Each structure stands twice: as C-alpha cells, then as structure tokens.
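Below are the chains, spelled out letter by letter.
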Amino acid sequence: MQKKKCTAIVLAAGQGRRMGTKTQKQYLEIIGKPVLCYSLEVFQESEIIDEIILVVGKGQETYCKKEIVEKYQIQKVKKIVTGGEERYHSVWNGLKEVSKDGYVFIHDGARPFIDQEMIRRVYEEVVQHKACVAGMPVKDTIKIVDTSEFAEETPDRSRVWLVQTPQAFENNLIKNAYKILVEKEEYSVTDDAMVVEKILGKKVKLVRGSYENIKITTPEDLDIAGVFAKIQKK
C-alpha cells in the first residue's frame, strides 16, 4: 500500500505561565538547544513525516523563522502560522494549512523527547484506525476527587493511561471535527482526541509513547529534561 502524505503540526504558541520565566518554555534551552528544536529535528529526520506546520505565538513568527527554522535547518517546515487564544484555536489554524488527503500528527512543541520509533508506531495505528494518540499506562494509583478534594473513586489502574502527543488522525476526520468545534464553541476539550471523541463519537486508539516523552511545564520538568538529554547524547 502506498504511503499517504503525513503532516506534523507542532504547537509552540503557549504562554507557559507555570514555568515562571520571562522566556516562554518552548524557547528555553536544554543543554544549549531550545526545547522546541528537539521535536522539530526528529520530525525533520523522519521518513514518515513529509512536512511540518509550525504554530507560534503572535509576534514570534520572524523570530522562529530565523532563530529556530533557519538556524537549525528544519527544511520540512512548510509554513509558520500564528496561534490563537486557546490551544484548539491554534490547532485549527494549523489544520487549515493541511491538504485534504493523508494524515496529520499534532504535537506539543514542549515535548522534546519523541523519537523515530514512536512516530512509526503512531503511523501504523493511524493508518489502521484513523485516530490514535501516544500515551503510557500510569504507574501510580489515581483518585477521582470531589470539589472539596475528598476521594470519590479509585479507577482500575490497569485501564488508566497518561495521554501524550503526537496525536494522529486522518486529515478529513480531524478537520471536520475541529470545524464543528470552532463554529459552535460549546465543547470543553483538553486534547485533540477529545474533539474526535465528543463531536464525532469516534473511538481513538492508544499507542505506546514513552515515559520520557514529558511535557515541559514547570522548572522541575526542565531539570528532568536535562538529564534525559544527557543520557541520549551518550
């Protein structure tokens, strides 16, 4: 079967307020290289990904073009687009640049440690199921709490996963779902899979990512990322 076109939408428009730094988290450095560059380089080297659409904050377009894309020679970047007020607005702005046919991989630019095997696993599952997300089974017991933070329920740990990115979809499927979301704005969603699940009623396949595939959100995450990056360099 002939491979269909695959586009990676990399989201780098977040404000990163929990990091507590003036520099946004995606531009902070891990052993001398911006967080954002790590995932971009993996997509650049991937035989599966054909092009990249980079979504950045308003006013950061020129900086990203010169200091990220050109400096680190990320030649697969087809376009740099401006993000929106919320994450789903940013995703929609990226999706509008994606062609009708093929598959789209949506990835948080603040997750630097994706790898080629993860991309391959996600690709194999999206071809089969049309919608899949990277994730990992939780290691700890999870509690569902009430509004006063008293435990109400303890879900079966064997059925609970930490959801990551990339999240991959057939292009038409995810574009149709996001079009409805943006037009109605009646849904509360925290990731792309929820858009497909809630709006289209489509089941989404989970595929193993990696416990190292962390999202840089707090200063502690940056410290951990530095350890992972040093191990990868060895």
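Our subject is the structure listed above.
Not measured: the values here are computed from a predicted model.

(A) Representation of the overall build of the protein chain. A count of helices and strands for the protein chain gives seven helices and eleven strands. In summary, the protein chain has a C-alpha radius of gyration of 18 Å against a globular reference of 17 Å for 234 residues, a match within 12%. Each principal axis of the C-alpha atoms in the protein chain carries an extent, and together these give about 50 × 40 × 35 Å. Taking as baseline every contact in the protein chain between residues at least 6 positions apart, the subset at least 24 positions apart corresponds to 73%. As displayed, the protein chain offers around 12700 Å² of accessible surface, 47% of which is attributable to carbon and sulfur atoms. A distance of 3 Å separates the average location of the 38 positive side-chain charges in the protein chain from that of its 35 negative side-chain charges.

(B) Structural detail: the sheet that holds strand 10 (residues 161-170). Sheet architecture is open: seven strands sit in the order 5-4-1-6-10-7-11, paired in mixed fashion. What marks the edges here is a single partner per strand, and that holds for strand 5 (77-82) and strand 11 (205-208). Adjacent strand axes in the sheet meet at a mean angle of 25° when their direction is disregarded. Examined bridge by bridge, strand 7 (residues 131-137) and strand 10 share six bridges and lie antiparallel to one another. Paired with Gly-135 across the bridge in strand 10 is Val-163.

(C) Representation of helix 1 (residues 35-45) in the model. Along helix 1, eight of the eleven residues are buried, which leaves the element largely enclosed by surrounding structure. Regarding helix 1, the residues found buried are Val-35, Leu-36, Cys-37, Tyr-38, Ser-39, Leu-40, Val-42 and Phe-43.

(D) Broad picture of the nonpolar core. Formed by 32 residues in total, the largest nonpolar core has its most connected members in Ile-49, Ile-52, Leu-54 and Phe-105. Setting aside residues no more than four positions away along its own chain, Ile-52 makes contact with Ala-8, Val-10, Leu-40, Phe-43, Gln-44, Ile-74, Lys-76, Val-77, Lys-78 and Lys-79. Residues Val-104, Val-133, Phe-169 and Leu-173 belong to the second largest nonpolar core, which totals 27 residues.

(E) Structural detail: the packing of helix 3 (residues 87-95) against helix 5 (residues 171-184). Following both chains from N to C, one finds helix 3 and helix 5 inclined at 130°, their axes separated by 10 Å at the closest point. By the angle between their directions, the pair helix 3 and helix 5 is classed as oblique. In this structure, helix 3 crosses over helix 5, and the sense of that crossing is left-handed. Facing Arg-87, Tyr-88, Val-91, Trp-92 and Leu-95 of helix 3, the residues of helix 5 in contact are Ile-174, Lys-175, Tyr-178, Lys-179, Leu-181 and Val-182. Classifying every residue of the contact of helix 3 with helix 5 by side-chain character gives eight nonpolar, no polar and three charged.

Rules of the game
Residues numbered from 1 in each chain as written. Predicted model: local features only at pLDDT ≥ 70, side-chain atom pairs only at ≥ 80, totals over all residues. Heavy atoms only, no water. Helix = DSSP H or I, 4+ residues; strand = E, 2+ residues; numbered from the N terminus. Rg over C-alpha atoms; globule rule 2.2 N^0.38 Å. Contact = heavy atoms within 4.5 Å. Areas by Shrake-Rupley, 256 points an atom, 1.4 Å probe, with all protein chains shown as cover. Lys, Arg positive; Asp, Glu negative; His and termini not counted. Charge placed at Lys NZ, Arg CZ, Asp CG, Glu CD. Pairing = 2+ DSSP bridges. Axes fitted to C-alpha atoms, helices over the stretch in contact; angles between N-to-C directions. Buried < 20%, exposed > 50% of the residue type's maximum accessible area, 1.4 Å probe, protein only. Core = buried A, V, L, I, M, F, W, Y, C linked by side-chain atoms within 4.5 Å. Parallel < 35°, antiparallel > 145°, perpendicular 65-115°, else oblique. Left-handed = near helix turned anticlockwise from the far one by under 90°. Nonpolar A, V, L, I, M, F, W, Y, C, P; charged D, E, K, R; others polar.

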